[in-house]
Amino acid sequence: MDRFLFLTLDGLSRGAVYAAFALALVLIWRAGRIVNFAQGAMAVAAAYVAYSVTAATGSYWLGFVAALVAGLLLGAVVDVAVMRLVDHRSPLNPVIVALGLVLLIHAVLGMVYGNEYLPAQTPFSRTALTVGGLAVLSPYDLFVFATVGVVGAALVWIFTRTAIGLRMRAAAFAPEVSRLLGVNVSGMLTLGWALASGVGALAGMLVIPTELGLHPHAMDLVFVSAFTAAVVGGLDSPPGAVVGGLGVGLLLSYVSGYAGGDLIPLAVLALLLAVLLLRPGGLFAPVTARRV
Amino acid sequence: MSATRAAAPARRTAAESPRTGRTVPTLLRHLAVAAVAGVVVLAISYQLDSFRNFQLATVAAYLCATAGLTVLTGLCGQLSLGHGALMATGAYTVALCQNAFADRGVTAGGVLVLSLATAVLATVAVGAVVGVAAARLRGPYLAGLTLAVAVVVPALTVTFDGVFNGEQGLAVPVAPAPAALGFYFPYERWQLWVVTAATLLCLVLLANLVRSRYGRAFRAVRDDEVAARLAGIHVARTQVIAFVVSAGSAGLGGALLAMLAQSVSPGAFGLTLSLFLLMAVVIGGLGRLAGAVWGAVLLVALPDLTHTLTDLFTLSPAAAQRLEGNLPLAIFGGTLIVVMIAAPGGVQGLLSRLAGSLRVRWRRRRS
Amino acid sequence: MSDLLTAEALAAGYGPVPVLHGVDLTVAPGTIAAVIGANGAGKTTLLRTLSGMLRPTAGRILLDGRDLRGTPVEQLVRRGVAHVPEGRGVIGELTVEENLRLGALWRRDRADGVRALDEVYQLFEPLARRRRHLGHQLSGGERQMLALGRALVSRPRLLLLDEPSLGLAPRVVAQTMALLRQLRDDTGLTVLLVEQNVRSALAVADQGIVMSLGRVALAAPADRLRDDADLRHAYLGF
């Protein structure tokens, strides 16, 4: 029972990060009907920026802020310099271009930093606190929850309460009409990319220290897990992404706790396959599977 | 939803358009081309040194995979980011089979054929599973699933390291060249012959498939699923067939690579390989088997080229190693982005366009 | 009095397919002009070109005598042009209030935006009652109100309307037309509307512009088109 509690809390902490990352995927999907397959690589790039800044200044927090800024900028640059130029008539094209970005980013990081694992710092201890003899959450887990909670609340506030959020939603739902109403649609799309990439960078900063460390490929499996989370929730649904992220986090925590960490990749694949075959629109959408 | 219309413009190549007054059956024509190609490779193999023979053999092995992916993505409009994993399936099957034979003391060269066939069958089985799932999916969902396959399958070698020996990988014992060729016959030349034979067989089969009613069904599904269905084509079944065929080719390619390297390890079949394969067919030109040739050449030539390039500069060994390992990736990624934005037809598309405009100019001059 | 809107030899089309072949028209301020004509005459294309959604291939558009070339679509609302597109363009995923707020977002003066919103709610009572409902929950008539209201929130001088009567009950059409006339008389609003429903369009319009095959076949005072049977026969076929 103790173990179950520990695994549950650990899974929720892991899931919070997946939720944030899935949320970032959903943001771009809603804004531009693109699944940003480069998001993992972009997040890793931001984490490397943090690594450099922290190494130069000795401050984790300066690095943290630098990662967020780098994430925001990278998202905007990717949209303006690459995605906007791609012919979107075929949905394959943006996917292929995003994969080109993955290769490019991995390569540049490998050239600059090398393809070895670098140690990633945490601002708080990862040793679990014990309450009444039970190991529960570590201070770092609490930090993860707080950060993801704040970011989630900020996103909700931006999208539902601010004029810029209204513009972004309108631009996503009805670009032509929005332009007629004076909304700078391409600007909103760029902003969406920047926001999503910033959230992705944040998720990367949170998850990388809990894995093997900083590496160009550090986010590969995280991306797949978060994509699975986004699909579980339905690519169109931000609340779905959060629920999906937490669910995937729990599942993976139980799998690694009860069956062994080696099985995590297989579990992700099995879950993704199951969801795609049973409910391709996600758990929050009506079934629209094509029959084979 | 037709997935590749823009990526692979449905331009009719000469091979696709019905030729009037054709007398030679398609199969014979393809066999003749393959025979000529085989003779050319045979002749070349005597001119090249061992390393170049090995490289050419590697191109041929990759060609199986890129041709298979071209059929799937270019002709049938389905994206797969998982072909590296399918190659791994073929490679590991060959390794397991060859090891099993070796353990039982069977060392005859002929068992390799059996191992290769088993590898293709195993990959076809895996491809069928993924393909059935893939046939129900579109666009980003399909890409995501195959991406997961690409990331997860290499990791399985660590999960089940009792069978696959983890990161270390497996050795692939292969029989030496037949004694009849002489004691001093370079082994790489023999490898090239074997791989070329297998690749040509694979290409002839693919080329025939492309020209058959299945090929027409592939293109119909790619261009407009609804129209294809109205025309009586079973869309999902067609897509599964394309995936299975493509998987089989990739499996053969992986098996041949394993045979060439005489070892397999998960590192060689990671996500990067899957992305490389996709890049290769996109840059080569989707929708044409000829594009797959360019792609395969690129896969082998680019790392070689960057090696030569980095040798030009005097770098510290560490920096040189970083650059060498990553420069091909950077060039591939960058080229891919530029190609997708500027020339979605790829190298073969550019060549066709060039040839087309030359032909027009030629005609103008004559008239 | 100088004209508010002028099009000179305007040509436009979709890709290689030309639709408009040199359209000339003028709309005086404070008047209602009705563009009428058969299906495929280029009415909607004309409207889309006027509001900048389609780039003209030739000719020019003048607003207050100033060339609109190079003015992006997003800026047009700041110049006082509101376009209610074909199918009305109500954003179904947003609430009524959010749809209306979109119309006021471009102005810096927030308080004025709130005032404009209130005015629209007074003008269209049902919208005020349903302000928290999503766009796709509205009836056809309510969508019409929302689309018109959203355009009015931006306090336009020129209102471009694409087929306001489409899919609406005759009573609602009559109300809409009456409202347009009221707005013209009270606020000096200029309206250019595209209509299939010739009778109801000519009933409110000051000017009738008959389009045929991408050209203006005839531009005449609406009452002449209404009353002159020969003209009507020749150009409108009834």
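Residues numbered from 1 in each chain as written. Chains lettered and ligands numbered in written order. Predicted model: local features only at pLDDT ≥ 70, side-chain atom pairs only at ≥ 80, totals over all residues.

Chain C is annotated in an unreviewed UniProt entry as ABC transporter ATP-binding protein from Micromonospora craterilacus.

The name given to chain A in an unreviewed UniProt entry is Branched-chain amino acid ABC transporter permease, and the organism recorded there is Micromonospora craterilacus. Its UniProt record gives chain A the following Subcellular location (unreviewed entry) comment, quoted word for word: "Cell membrane". The annotation that UniProt attaches to chain A under Sequence similarities (unreviewed entry) is "Belongs to the binding-protein-dependent transport system permease family. LivHM subfamily." (UniProt positions renumbered as here; feature names shortened; annotations may be inferred.)

Novice: For this particular structure, what's the right way to read helix α1 (residues 26–47) of chain B?
Specialist: Note: α-helices contain 3.6 residues per turn, so residues at a spacing of three or four share the same orientation. Residue and element names in this part refer to chain B. Helix length check: α1 (22 residues) gives 32 Å between terminal C-alpha atoms against 32 Å at 1.5 Å per residue, within 8%. Within the sequence span of α1, burial applies to His30, Val41 and Ser45. Seen from one end, α1 has its buried residues packed into an arc of 50°, which puts them on one side. More than 90 degrees from the buried face of α1, the exposed residues found are Leu28, Ala32, Ala35, Val36, Val39, Val40, Ala43, Tyr46 and Gln47. Here the buried face of α1 lies against α2 (50–75) and α7 (187–211). (Helix = DSSP H or I, 4+ residues; strand = E, 2+ residues; numbered from the N terminus. Expected span 1.5 Å × (residues − 1). Buried ≥ 20, exposed ≤ 12 C-beta atoms within 10 Å, placed from the backbone. Arc of directions from axis to C-beta. Contact = placed C-beta atoms within 7 Å.)

Novice: What is the right way to read the interface of chain C and chain A from this model?
Specialist: When the parts of a complex come together, some accessible area is lost, and that lost area is often used as the size of the interface. In this assembly, 18 residues from chain C lie in contact with 15 residues from chain A. Residue contributions to the side of chain C that touches chain A peak at four residues, all from helix α3 (residues 96–104) of chain C. Here the residues of the side of chain C that touches chain A are counted per class, giving nine nonpolar, four polar and five charged. (Nonpolar A, V, L, I, M, F, W, Y, C, P; charged D, E, K, R; others polar.)

Novice: I would appreciate a short explanation of the sheet that holds strand β10 (residues 215–221) of chain C in the present structure.
Specialist: Across a sheet, paired strands are connected by hydrogen bonds in the backbone, their directions being either parallel or antiparallel. Residues and elements named next belong to chain C. Strand order in the open sheet made by the six strands is β6-β7-β8-β3-β9-β10, with mixed pairing throughout. Across the chains shown, the open sheet's two edge strands, defined by having one partner strand only, are β6 (81–84) and β10. Each neighbouring strand pair of the sheet contributes to a mean axis angle of 15°, computed without reference to strand direction. Examined bridge by bridge, β6 and strand β7 (residues 158–162) share four bridges and lie parallel to one another. Each residue of the ladder has a partner; that of Val81, found in β7, is Leu158. Each of β3 (32–37), β6, β7, β8 (190–195) and β9 (207–212) touches helix α1 (residues 43–50); the most contacted strand, β7, lies at about 145° to it. (Pairing = 2+ DSSP bridges. Axes fitted to C-alpha atoms, helices over the stretch in contact; angles between N-to-C directions.)

Novice: Explanation requested: the interface of chain A and chain B in the structure shown.
Specialist: With 46 residues of chain A at the contact, the number on the chain B side is 47 residues. At the level of elements, α4 (92–113), α9 (220–233) and α11 (264–278) of chain A are the ones that each hand at least two residues to the side of chain A that touches chain B. Here the side of chain A that touches chain B gets 16 residues from one element, more than from any other, and that element is α4(A). Split into classes, the residues belonging to the side of chain A that touches chain B amount to 34 nonpolar, seven polar and five charged.

Novice: Please explain the arrangement of the chains as it appears in this structure.
Specialist: Here two pairs of chains are in contact, and chains A and B lead that list by number of contacts. No part of chain B reaches chain C; the closest C-alpha pair between them is 17 Å apart.

Novice: For this particular structure, what's the right way to read α9(A)?
Specialist: Its 14 residues place the ends of α9(A) 20 Å apart at the C-alpha level, agreeing with the 20 Å of an ideal helix rising 1.5 Å per residue. Phi for A:Gly234, located one or two positions after α9(A), is positive at around 90°.

Novice: Please explain the pairing of strand β4 (residues 58–63) of chain C as it appears in this structure.
Specialist: Side chains on a regular strand alternate between the two faces of the sheet. Residues and elements named next belong to chain C. Sheet topology places strand β1 (residues 5–14) next to β4; five bridges connect them, and they run antiparallel. Its bridge partner lying in β4, Leu5 is registered against Leu63. In the sheet, β4 pairs with strand β5 (residues 66–67) via two bridges, with the strands oriented antiparallel. Pairing of Leu63 across the sheet is with Arg66, part of β5. In textbook terms, the turn of a hairpin is the stretch between consecutive antiparallel strands, and for β4 and β5 this stretch comprises two residues, one of which, Asp64, has a positive phi near 55°.

Novice: Teacher, can you tell me more about the domain arrangement of chain C here?
Specialist: Residue and element names in this part refer to chain C. Under the domain assignment, chain C is made up of domain 1 (1–80 + 158–238) and domain 2 (89–155). Between the C-alpha centres of domain 1 and domain 2 there is a distance of 24 Å. The partner domain 2 presents six residues to the eight residues of domain 1 that form the contact. In terms of residue class, the side of domain 1 that touches domain 2 is built from five nonpolar, two polar and one charged. (Domains from an automatic or database assignment.)

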